[in-house]
Amino acid sequence: MADEIGLLSTWPSMFGMRVRVALAEKGLKYEYREEDLRNKSPLLLLMNPVHKKIPVLIHNGKPISESMIIVEYIDEVWNHKSPLLPTDPFQRAQARFWADYVDKKLYDIGKKIIWSTKEEEQETGKKEFLECLKLLEGELGDNPYFGGQNFGFVDVSLVTFSCWFHTFESYGNFSIETECPKLVAWTKRCLEKESVSSSLADPHKIHDFASGVRKRLGIE
């Protein structure tokens, strides 16, 4: 019996894009359902009653929530190709550590740049954001991917933020390529993969989306 796979998400969500990338890496077909977070569907509320957030993967009727938990689940269930986590326990722990770092730092700091109405808070956000990216760039080193020679777990966690880079730069008035050239080169390398390029939203559409939200919030 074929697996039934569904994904509840929103198109601009870097967290939902992570799941798309992982599914594409495994060559899996799935049914996608776009959610309106201002009017959440009964299915989303049923499948994620605790947090009521996207993304949610539905595998044969069973829901899995939280993007990197979903990515790890996908890697474990469909382990026949394109492994995302290394087999070595220490390397697996390191990959989880850096993916967790991305989760705990980048999103909240990035919000200060895009959604803040206070110039001081925005400047602080820009400084912290670049510090995080430089630290990640240092972890990448001269490797083609965070997983060494192979695209992996940390790459999935971070690469989906790259389609928001243009928006961060626009509202923060800085250049990520100037500050973190190796990281931008890594982004371009990742985008050469069909699994990534087909899963990430267009950066200009992301900017238009953010601009629309800012207008709705009275920020611009």
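Placed above this text is the structure.
Residues numbered from 1 in each chain as written. Predicted model: local features only at pLDDT ≥ 70, side-chain atom pairs only at ≥ 80, totals over all residues. Heavy atoms only, no water.

Draft legend 1. Highlighting the pairing of strand 4 (residues 62–65). Examined bridge by bridge, strand 3 (residues 56–59) and strand 4 share four bridges and lie antiparallel to one another. For Leu57, the partnering residue across the bridge sits in strand 4 and is Ile64. With antiparallel pairing between neighbouring strands as the criterion, strand 3 and strand 4 make up a hairpin whose turn holds two residues, including Asn60 at a positive phi of roughly 50°. (Pairing = 2+ DSSP bridges. Helix = DSSP H or I, 4+ residues; strand = E, 2+ residues; numbered from the N terminus.)

Draft legend 2. Local environment of the sheet that holds strand 4. Taken in spatial order, the four strands make up an open sheet running 2-1-3-4, and their pairing is mixed. The open sheet has two edge strands, strand 2 (31–34) and strand 4, and neither has a second partner. For this sheet, the mean angle separating the axes of adjacent strands, direction not counted, is 20°. On the sheet, helix 1 (residues 14–25) packs against strand 1 (5–9), strand 2 and strand 3 and is oriented at approximately 155° with respect to strand 1. (Axes fitted to C-alpha atoms, helices over the stretch in contact; angles between N-to-C directions. Contact = heavy atoms within 4.5 Å.)

Draft legend 3. Molecular detail of the environment of Ala22. With respect to the helices and strands, the residue Ala22 is situated in helix 1. With 27 residues separating them in the primary sequence, Ala22 and Pro49 have C-alpha atoms 24 Å apart. In this structure, Ala22 is in contact with Val71, Ile74 and Leu84, ignoring residues within four places of it in sequence.

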